[in-house]
Amino acid sequence: MKNIKYYLVIGLSAVFTACTDLLDIEPNNKITPNELFNNPNGAKAFMATIYRDLPIEDYMFMPGTSGEGGFNNPTGNIGLLWYANICEEAVQSQWGEQSPGYVIRADYFNHGYETLRNINLLKSIIPTLDIRDSEKKELEGEAAFMTAYVYFYLAEKFGGVPLIKELQEYDPANPGALVVPRSTEYDTWDYVMQQCDLAAAQLPKERSDRRATRWAALALKSRAALYAASIAKFGELAPMEGEAVTKGLAGMKPENAAYFYQHCIDASLTIMTESNHKLYKPNPASPKEAEENYRSIFVNPNQTDGEAIFIKGIVKEGSEFASSLNYFIEPYQTQGQGKMSPALNLVDAYEMKDGTPFDWNNPTHVANMYYDASNKETRDPRLYKNVLTNGSIWQKQKVETFEGGKNKILDGSTKTGYYLRKYMNPSVSLDPDKPNKLYHHYVLFRYAEILLNYAEAMNEWKGPDATAEGCPLTARAALNQVRDCADMKHVTENGADFTAKVRNERRIELAFEGHRFYDIRRWRIAGLDEVRNLYGVKITKSGTSLSYEKVLLQQMYWNDKMYLFPYPQNEIYMNPDLGQNPGWSNGN
């Protein structure tokens, strides 16, 4: 039998197999695994290629095919904000009506498995590399982290998927060997847990090069386990039918929820008790200080003293797209395009400064929507660093989104009465005469999310004030730690009201970080009118007084089959045993 040699092409990670004596001759224009990985720069280049290809839905991601969008979108367009624009977080100012169903056009499935093939290639050659055992251990840990991340990304969209755990070889005599059956949704999520545990056991605790650490692996496990538990617990709110459900390929049993909640709690608690990660400046002296602390997390996460657990660098300072996010998001009057209009749905979720929920039926709340008569802020400090409201100051200019105001005149300006503030770096200048391009970062995992994951899991498992063996922190205590950072009053509610507070805290703390689109799915609430109806505010100015009107902009289409994405039809043609997800036929 012929020996098979693998060769890597930097940037493409292409794999070639030899099947004749002639092709067994080593080509002189390729790099062998040892040549690549024995060179520190070569090893970093290949590893960076896989990190680059991880399906991280950051703000450079846009659903679409090659050249139109995708991951690490070269056009510099917005990405994570895509998901904000197809749920009730925001409205894209230059689109027509939006729908959560639009995301199915992205090639999620193939991108995931192409990345997995490169990861499995890495796994297969690590034992052969002429490097120290400690280095091999770290590489194996990184490969496990990457594997877990890709399968998490696939499971949250498709439910159960084929688990390809090692590099596959094509055998012309047995091509069917490449066909892997679809695993149950439970087994898929459980495999993510296993790979996270393997990664956490083998990765170092600290690194300076933005590669995965033990804590990044546990943060991924915390999030993935919470998602899995929710799908198991709340799946019956939108019951599915069909062969995929009968076989366990789509959906899980309610009794599986406790298993995954426990995984979430354990992973979260390990980060909380054993790592150096912590909330950034958890005891602000004033709401203004709380605002500035919150802003800093997203403008320069490297300086947040342990809040950021895993950071992805988007673009470098001075590069062509270094200020692209500001360009797409800032209002026209500061040279931006103003594409992002946060929805009133989100703005209404921010409480008044005293902790009471904002209420349109309360005339005092409406009269002091964002500022009182003395121009003091009246809402949760985080609102002002997530959203530009009427009266906000941006680049030394007052934002005017009232009818006829300077930020509400042009076509394409805000549809909702708001602009995005989060991620905007005021040091960036879009002025063509005085440009200043700065780098962007994307925080994939941060400590506040870990606390919110823990609070939700503990509450669903035991209740708001319960503890358990090895779990001394209550859900309420974890939740209130996050609120302390915002200088907001502690939550005192119980029962269903406490659960609502947990969900709302996640909504406002993690706004525009890519969570809401998936949260409304795992909780099975995407079909509710309060989620489907998109609202804006119409502000009318008369003299020096302002009046506010809540305006329905759109009711998004929803069908419960959209809780899972459809399998690509061409994949089903090649592997009929995959089956289609409930409610879908030929991708429709």
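Cut-offs applied
All residue numbers here refer to positions counted from 1 along the written sequence of the relevant chain. Residue-level local features of this predicted model are given only where pLDDT is at least 70; pairs of side-chain atoms are given and counted only at 80 or more, and the full residue set underlies all totals for whole chains, interfaces and linings. The basis for every side-chain value is the complete set of non-hydrogen atoms in the structure, without hydrogens or water. The numbering of helices and of strands both runs from the N terminus, where a helix is a DSSP run of H or I of at least 4 residues and a strand a run of E of at least 2. Between buried and exposed lies partly exposed: a residue is buried under 20% and exposed over 50% of the maximum accessible area for its type, with that area taken using a 1.4 Å probe on protein chains only. We call two residues in contact whenever any of their non-hydrogen atoms come within 4.5 Å of each other. Strand pairing is assigned whenever DSSP identifies at least 2 bridges connecting the two strands. Within this document, salt bridges are pairs made up of a side-chain nitrogen of Lys or Arg and a carboxyl oxygen of Asp or Glu, the two lying within 4 Å of each other. Confidence of the predictor in every single residue is expressed as pLDDT, which spans 0 to 100. When charges are counted, Lys and Arg contribute as positive and Asp and Glu as negative, whereas His and the chain ends are disregarded. Fitting a line to C-alpha atoms yields each axis, with helices limited to the stretch in contact; the angle taken between N-to-C directions then spans 0 to 180 degrees. Helix crossings get a hand from a simple test, with the near helix turned counterclockwise from the far one by less than a right angle marking a left-handed crossing and a clockwise turn marking a right-handed one. Polarity classes work like this: nonpolar for Ala, Val, Leu, Ile, Met, Phe, Trp, Tyr, Cys and Pro, charged for Asp, Glu, Lys and Arg, and polar for all others, with Gly in that last group. Any Phe, Tyr or Trp ring, taking Trp's six-membered ring, that has another such ring centre within 6.5 Å forms a pair; planes under 30 degrees apart are called stacked, those over 60 apart edge-to-face, and the others tilted. In this scheme, the term charge over a ring applies when either NZ of a lysine or CZ of an arginine sits within 6 Å of the ring centre and within 35 degrees of the ring normal. Working definition: roughly parallel below 35 degrees, roughly antiparallel above 145 degrees, roughly perpendicular at 65 to 115 degrees, and oblique for all remaining angles. The nonpolar core is taken to be a set of buried Ala, Val, Leu, Ile, Met, Phe, Trp, Tyr and Cys residues, with the residues joined through side-chain atoms within 4.5 Å. Helix span, expected: 1.5 Å multiplied by one less than the number of residues in the helix. Polar contact is the term for a pair of N or O atoms within 3.5 Å; when the atoms are in protein, one must be able to donate a hydrogen and the other to accept it, and sequence-neighboring residues count only if both atoms are side-chain atoms.

Caption draft 1: Structural context of the overall build of the chain. The number of helices and strands found in the chain is 20 helices and 10 strands. Looking at the chain as a whole, 59% of its 588 residues qualify as buried. Of all intrachain contacts in the chain linking residues separated by at least 6 positions in sequence, the fraction that spans at least 24 positions is 69%.

Caption draft 2: The arrangement of the pairing of strand β10 (residues 545-555) in detail. Of the pairings in the sheet, the one linking strand β9 (residues 533-542) to β10 comprises 10 bridges and is antiparallel in character. Bridge pairing in β10 places Thr540 opposite Ser547.

Caption draft 3: Inspection of the pattern of salt bridges at higher detail. Per the counting criterion, the structure on display carries 35 salt bridges. Note that Lys157 is salt-bridged to Glu57, the shortest N-O span being 3.1 Å. Pair noted here: Lys157 is in helix α5 (residues 133-158) and Glu57 is in the loop between α2 (40-53) and α3 (80-84), with a separation of 100 residues, a long-range link. Of the two residues, Lys157 and Glu57, neither departs from the other in class, the shared state being buried.

Caption draft 4: Representation of the confidence of the model for the chain in the model. Per-residue confidence for the chain averages 85 on the pLDDT scale, and 81% of its residues sit at or above 70. In this model residues 1-27 is a low-confidence stretch, pLDDT under 50, and it forms 54 contacts with partners more than four residues away in sequence or in other chains.

Caption draft 5: Inspection of the side chain of Arg503 at higher detail. Along the chain, Arg503 turns up in helix α17 (residues 495-509). Within the buried set, Arg503 has no salt-bridge partner at all; the shortest N-O distance to an opposite charge, 4.4 Å, is to Glu460.

Caption draft 6: The packing of helix α16 (residues 475-485) against α17, seen in detail. Two numbers describe how α16 lies on α17: the axes approach to 11 Å, and their chain directions differ by 35°. For α16 against α17, the interelement crossing comes out left-handed. Two secondary-structure elements touch here, α16 through Ala475, Arg476, Leu479, Val482 and Arg483 and α17 through Phe498, Val502, Glu505 and Glu509. When its residues are assigned to classes, the contact of α16 with α17 shows five nonpolar, no polar and four charged.

Caption draft 7: How the structure looks around the packing of aromatic side chains. Applying the stated criterion across every chain, the model contains 27 aromatic pairs. Where Tyr113 meets Tyr151, the ring centres are 6.5 Å apart and the plane angle is 80°; that geometry is what we call edge-to-face. Remark: Tyr151 occurs in helix α5 and Tyr113 occurs in helix α4 (residues 108-125); sequence separation between them is 38 residues. Comparing Tyr113 with Tyr151 shows no difference in burial state: the two are buried. Three or more aromatic residues joined by ring pairs make a cluster, and in this case those are Tyr108, Phe109, Tyr113, Tyr151, Tyr153, Phe158, Tyr191, Phe565 and Tyr567. Here Lys462 stacks its cationic end above the ring of Trp461, 4.6 Å away from the centre of that ring. Of note, Arg521 hangs over the ring of Phe517, and the distance from its end group to the ring centre comes to 3.7 Å.

Caption draft 8: Structural context of the packing of α5 against helix α7 (residues 214-234). With their axes 11 Å apart at the nearest point, α5 and α7 run at an angle of 20° to one another. By the angle class used here, α5 and α7 are roughly parallel. Note on packing geometry: the crossing formed by α5 with α7 is left-handed. Only Ala216, Ala217, Leu220, Arg223, Ala224 and Tyr227 of α7 make contact with α5, whose side of the interface consists of Phe145, Ala148, Tyr149, Phe152 and Glu156.

Caption draft 9: Summary view of unusual backbone geometry. Its identity is not glycine, yet Lys396 carries a phi of approximately 65°, on the positive side. Tracing the backbone through its elements, the reader meets Lys396 in the loop between β5 (393-394) and β6 (397-398). Of the residues examined, Lys396 reaches a relative accessible area of 84% and is grouped as exposed. Despite not being glycine, Phe512 has its phi angle at roughly 65°, a positive value. Relative to the helices and strands, Phe512 is located in the loop between α17 and α18 (516-522).

Caption draft 10: Molecular detail of the nonpolar core. Formed by 159 residues in total, the largest nonpolar core has its most connected members in Phe145, Tyr151, Leu154, Trp189, Tyr370, Tyr454 and Phe512. Residues within four places of Tyr151 in sequence aside, it is in contact with Tyr113, Leu116, Val161, Pro162, Leu163, Ile164, Tyr191 and Val192.

Caption draft 11: How the structure looks around α7. Counted at 1.5 Å a residue, the expected span for α7 with its 21 residues is 30 Å, and the 30 Å between its end C-alpha atoms agrees. By the criterion of burial, α7 is predominantly enclosed, with 20 of the 21 residues buried.

Caption draft 12: Summary view of α5. Between its terminal C-alpha atoms α5 stretches 37 Å, which fits the 38 Å expected from 26 residues at 1.5 Å a residue. Among the 26 residues in α5, 20 count as buried, and that is most of the element. Directly after α5, the chain includes Gly159, whose backbone phi takes a positive value near 80°.

Caption draft 13: The arrangement of the side chain of Arg214 in detail. With respect to the helices and strands, the residue Arg214 is situated in helix α7. A polar contact is formed between the side chain of Arg214 and the side chain of Glu274, at a distance of 3.5 Å. When neighbours within four sequence positions are excluded, Arg214 is seen to be in contact with Ala200, Ala201, Leu203, Pro204, Lys205, Thr270 and Glu274.

Caption draft 14: Representation of the environment of Cys87. Along the chain, Cys87 turns up in the loop between α3 and β1 (90-92). The spacing of Cys87 and Ala343 is 256 residues in sequence and 9.5 Å in space, taken between C-alpha atoms.

Caption draft 15: Highlighting the environment of Glu449. On the secondary structure map, Glu449 appears in helix α15 (residues 447-461). Along the chain, Glu449 and Glu509 lie 60 residues apart, while their C-alpha atoms are 8.4 Å from each other. Discounting chain neighbours no more than four positions away, the residues touching Glu449 are Arg223, Leu444, Arg506, Leu510 and His515.

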